[in-house]
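# Structure assessment
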Amino acid sequence: MYKINFKLSLTSFTKINRYAKYLNLPIQTVIRFLLIEQLHHYEYNLKLFDLNYKKCKPQDTFGTINAYGKEKQPKKYSMEVSEYIYEHVQELKIKYKDKTNSVINNLLHMGIREKFEDYNSNFATAYDDIDPNTKQYAIPLSSEFTCRLEDISKITGIKVNQLMSLIIGNYLIEHFTDYDNTIYESESGQQHHSIW
């Protein structure tokens, strides 16, 4: 594992933290996941990645003044990352003539913007009210799925169980938006309000 140090802009931190709360995962895991997603775009769709990267505005990572005149410090991270993330960040630093902090903030900004494009207002309100109780599931996986998850885990530095939470959570967000702000009946006949 390699280590990267960076400051995260307060705007990006707030959005990523809400997203992490929704998935019930540590923010560092979500950061690794968003970085991997954007680096995958860099490798396989360079033209679109380049366009999106150049649109990124510098994020304020020097602190902001709140309504009471106090400075709110940016979030500082010293994170262990996989070799894949580390090497690609170094490559992007050279390509765009940027510092590590700018590269990381831009990648995260691009990643969270994708997640929030359709769900911005719902993420802003629903995520803080999620029930902190979690349920564990034993999911039978084929040897093929198990091998693939383990390979992805090695590349990303994200544990297999956390990867499964990310994959399922993102699938639900992306594919069930038809039910936004509706009430649906569960199999038990109880009513539940959709959160997205």
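Rules behind the numbers
- Residues numbered from 1 in each chain as written.
- Predicted model: local features only at pLDDT ≥ 70, side-chain atom pairs only at ≥ 80, totals over all residues.
- Heavy atoms only, no water.
- Helix = DSSP H or I, 4+ residues; strand = E, 2+ residues; numbered from the N terminus.
- Expected span 1.5 Å × (residues − 1).
- Buried < 20%, exposed > 50% of the residue type's maximum accessible area, 1.4 Å probe, protein only.
- 1 Å grid on protein atoms, 1.4 Å probe; cavity = no way out; pocket = protein on both sides within 12 Å on 5 of 7 lines; lining within 4 Å.
- Points joined across faces, edges and corners; volume = space filled by probe spheres on them.
- Phe/Tyr/Trp six-rings, centres within 6.5 Å; stacked < 30°, edge-to-face > 60°.
- Patch = residues over 30% accessible without salt bridge, like charges linked within 9 Å, V, L, I, M, F, W, Y side chains within 5 Å.
- Areas by Shrake-Rupley, 256 points an atom, 1.4 Å probe, with all protein chains shown as cover.
- Salt bridge = Lys/Arg side-chain N within 4 Å of Asp/Glu carboxyl O.
- Lys, Arg positive; Asp, Glu negative; His and termini not counted.
- Charge placed at Lys NZ, Arg CZ, Asp CG, Glu CD.
- Contact = heavy atoms within 4.5 Å.

With 14 residues, helix α1 (residues 10-23) should cover 20 Å at 1.5 Å per step; its first-to-last C-alpha distance of 20 Å lies within 8% of that length. Of the residues making up α1, those classed as buried are Leu10, Ser12, Phe13, Ile16, Tyr19, Ala20, Tyr22 and Leu23. Two residues or fewer past α1, Asn24 is found with a positive phi of approximately 60 degrees.

With that settled, consider the layout of surface pockets. Approximately 340 Å³ is the volume found for the second largest pocket. Taken together, 15 residues make up the lining of the second largest pocket; nearest its centre are Ile36, Glu37, His40, Ile152 and Thr156. Those elements that place two or more of their residues in the lining of the second largest pocket are α2 (27-44), α7 (143-156) and α8 (160-175). Per element, the largest residue contribution to the lining of the second largest pocket is seven residues, and it comes from α2.

Before going further, it helps to spend a moment on the packing of aromatic side chains. Applying the stated rule across the entire model yields six aromatic pairs. Considering the side-chain rings of Tyr2 and Tyr86, the 4.8 Å spacing of their centres and the 15 degrees angle between planes classify their relative orientation as stacked. With Tyr2 in strand β1 (residues 2-8) and Tyr86 in helix α4 (residues 83-96), this residue pair connects regions lying 84 residues apart in the sequence. Residues Phe6 and Tyr77 carry aromatic rings whose centres are separated by 5.4 Å and whose planes lie at 20 degrees to one another, so their mutual orientation is stacked. Of the two residues, Phe6 is situated in strand β1 and Tyr77 in strand β4 (residues 75-81); the sequence distance between them amounts to 71 residues. For the pair formed by Phe6 and Tyr77, the shared burial category is buried. Taken together through their ring pairs, the aromatic side chains of Tyr42, Phe49, Tyr53 and Tyr96 make up a single cluster.

Time to look at a negative patch on the surface. Together, Glu43, Glu83, Glu87 and Glu91 give the surface a local cluster of negative charge. Residue contributions to the negative patch peak at three residues, all from α4. In this fold, Glu43 is placed in helix α2.

In this section: the environment of Ile85. With respect to the helices and strands, the residue Ile85 is situated in helix α4. Along the primary structure Ile85 and Tyr2 are separated by 83 residues, whereas in three dimensions their C-alpha atoms are 8.7 Å apart. Among residues more than four places away in sequence, those in contact with Ile85 are Arg32, Leu35, Ile36, Leu39 and Thr156.

Time to look at the pattern of salt bridges. What the rule picks out here adds up to three salt bridges. Lys54 is paired through a salt bridge with Asp50; the nearest N and O atoms lie 3.1 Å apart. Here Lys54 pairs with Asp50, and both are found in helix α3 (residues 46-55), just four residues apart, close to one helical turn.

A surface patch of nonpolar side chains, amounting to about 700 Å² of accessible area, comprises Tyr137, Ile139, Leu141, Phe145, Ile168, Tyr171 and Leu172. Among the elements that take part in the nonpolar patch, α8 stands out by supplying three residues, more than any other. Residue classification places Ile168 among the partly exposed positions, given a relative accessible area of 42%.

So far we have only geometry, and geometry alone does not tell us how the molecule works.
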